[in-house]
Amino acid sequence: RLLLILLGAGLAALSLLRLAFYGYFVTPGQDLPSGVLLTALWIGFKFDLRLLLLVLLPVVLLGWIGPLHPLARRSGRRLWTAYLALATGVLALFYMVDFGHFAYLDARLDATALRFLHNLRESALMVVQSYPVVPLTGLLLLVVLAAGFAVWRLAGRLAALPEAPGARARRA
């Protein structure tokens, strides 16, 4: 149940970010056929689903091991909360960079952005001068903390259910 809730919440969050991206960058009066928009959103949804499944794969593969179980053991809950908060932070960082890259160059983030790493000092200076780096860093930290808190609370609530793994041991 934990993985399904995390998958659903992740899909909802990434879909909202995708819609926000479109809403922010759509040109007023731009005539985009609804079929094209729906197709693009569907492709994005499938990409987000695959991405989230890859992020959750370590939990599926290793979470059944006793000490690593996210519901049966507190140590497992700590580990997976930290992992999922970090993964959320990485995804949020990539989304922020993609948003900024599109705002700067009118192109989605791809491998050609690596050319900016050639002169890292100059690129970093341009980023600091052009974007609100400190507030965005605070926002990123807030997203990571909120994700960690949400996963911790969700896992704790699910672990407290009578049918949760380890529940019999807690009742004995």
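Comments concerning the overall build of the protein
Piece 1. Helix and strand counts for the protein stand at six helices and zero strands.
Piece 2. In the protein, the succession of α and β elements from N to C terminus is α-α-α-α-α-α.
Piece 3. Its C-alpha atoms give the protein a radius of gyration of 20 Å, more than 25% over the compact-globule value 16 Å for 172 residues.
Piece 4. With the principal axes as the frame, the protein shows a C-alpha extent of 65 × 45 × 25 Å.
Piece 5. Looking at the protein residue by residue over its 172 residues, the buried ones come to 26%.
Piece 6. The average position of the 16 basic charges and that of the 7 acidic charges among the side chains of the protein differ by 23 Å.

With respect to the pattern of salt bridges
Piece 1. Tallying each qualifying case throughout the model produces two salt bridges.
Piece 2. Ionic pairing is found between R18 and D48, a salt bridge with its closest N-O pair at 2.8 Å. Residue R18 is located in helix α1 (residues 2-25), and its partner D48 is located in helix α2 (residues 34-62); the two are separated by 30 residues in the primary sequence.
Piece 3. Overall, the relative accessible area of 19% leaves R18 in the buried class.
Piece 4. Where D98 meets R108, a salt bridge forms, and the shortest distance between an N and an O atom there is 2.4 Å. Within this pair, whereas D98 is found in helix α3 (residues 74-105), its partner R108 is found in the loop between α3 and α4 (120-130), the two being separated by ten residues in sequence.
Piece 5. On the basis of relative accessible area, D98 is assigned to the buried category, the value being 8%.

A few points about the nonpolar core
Piece 1. Counting 16 residues, the largest nonpolar core has L2, L6, L71 and L84 as the members making the most contacts within it.
Piece 2. Every element with two or more residues in this core is listed here: α1, α2, α3 and α5 (133-159).
Piece 3. The residues touching L2, leaving out its near neighbours within four places in the chain, are P70, L71, L154, A155 and L158.

Brief notes about the packing of α1 against α3
Piece 1. In contact at an axis separation of 12 Å, α1 and α3 are set at 10° when each is read in the N-to-C sense. In terms of orientation, α1 lies roughly parallel with respect to α3. With respect to the hand of their crossing, α1 and α3 are arranged in right-handed fashion. Side by side, α1 and α3 meet where L6, L17, R18, F21, Y24 and F25 of the first sit next to L84, Y95, D98, F99, F102 and A103 of the second.
Piece 2. Along the lines of polarity and charge, the residues of the contact of α1 with α3 split into ten nonpolar, no polar and two charged.

With respect to the confidence of the model for the protein
Piece 1. Mean pLDDT over the protein works out to 88, with 95% of the residues at or above the 70 mark.
Piece 2. Within the protein, the lowest mean pLDDT, 50, falls on helix α6 (residues 167-171), and the highest, 94, falls on α5.

Quick notes on the packing of aromatic side chains
Piece 1. Taken as a whole, this structure holds ten aromatic pairs when the rule is applied.
Piece 2. Measuring from centroid to centroid gives 5.1 Å for Y24 and F99, while their planes differ by 45°, and the two rings are tilted. Within this pair, whereas Y24 is found in helix α1, its partner F99 is found in helix α3, the two being separated by 75 residues in sequence.
Piece 3. Among the residues examined, Y24 registers a relative accessible area of 56% and is labelled exposed.
Piece 4. When the ring of F25 is compared with that of F102, the centres are 4.6 Å apart and the planes differ by 65°; the resulting orientation is edge-to-face. Of this pair, F25 sits in helix α1 while F102 sits in helix α3, and the two are 77 residues apart along the sequence.
Piece 5. An aromatic cluster of three or more residues is present, and its members are F21, Y24, F25, Y95, F99 and F102.
Piece 6. The aromatic ring of F21 is capped on one face by R108, whose charged end is 4.1 Å from the ring centroid.

Conventions and cut-offs
Residues numbered from 1 in each chain as written. Predicted model: local features only at pLDDT ≥ 70, side-chain atom pairs only at ≥ 80, totals over all residues. Heavy atoms only, no water. Helix = DSSP H or I, 4+ residues; strand = E, 2+ residues; numbered from the N terminus. Rg over C-alpha atoms; globule rule 2.2 N^0.38 Å. Buried < 20%, exposed > 50% of the residue type's maximum accessible area, 1.4 Å probe, protein only. Lys, Arg positive; Asp, Glu negative; His and termini not counted. Charge placed at Lys NZ, Arg CZ, Asp CG, Glu CD. Salt bridge = Lys/Arg side-chain N within 4 Å of Asp/Glu carboxyl O. Core = buried A, V, L, I, M, F, W, Y, C linked by side-chain atoms within 4.5 Å. Contact = heavy atoms within 4.5 Å. Axes fitted to C-alpha atoms, helices over the stretch in contact; angles between N-to-C directions. Parallel < 35°, antiparallel > 145°, perpendicular 65-115°, else oblique. Left-handed = near helix turned anticlockwise from the far one by under 90°. Nonpolar A, V, L, I, M, F, W, Y, C, P; charged D, E, K, R; others polar. pLDDT = per-residue confidence, 0-100. Phe/Tyr/Trp six-rings, centres within 6.5 Å; stacked < 30°, edge-to-face > 60°. Lys NZ or Arg CZ within 6 Å of the ring centre and 35° of its normal.

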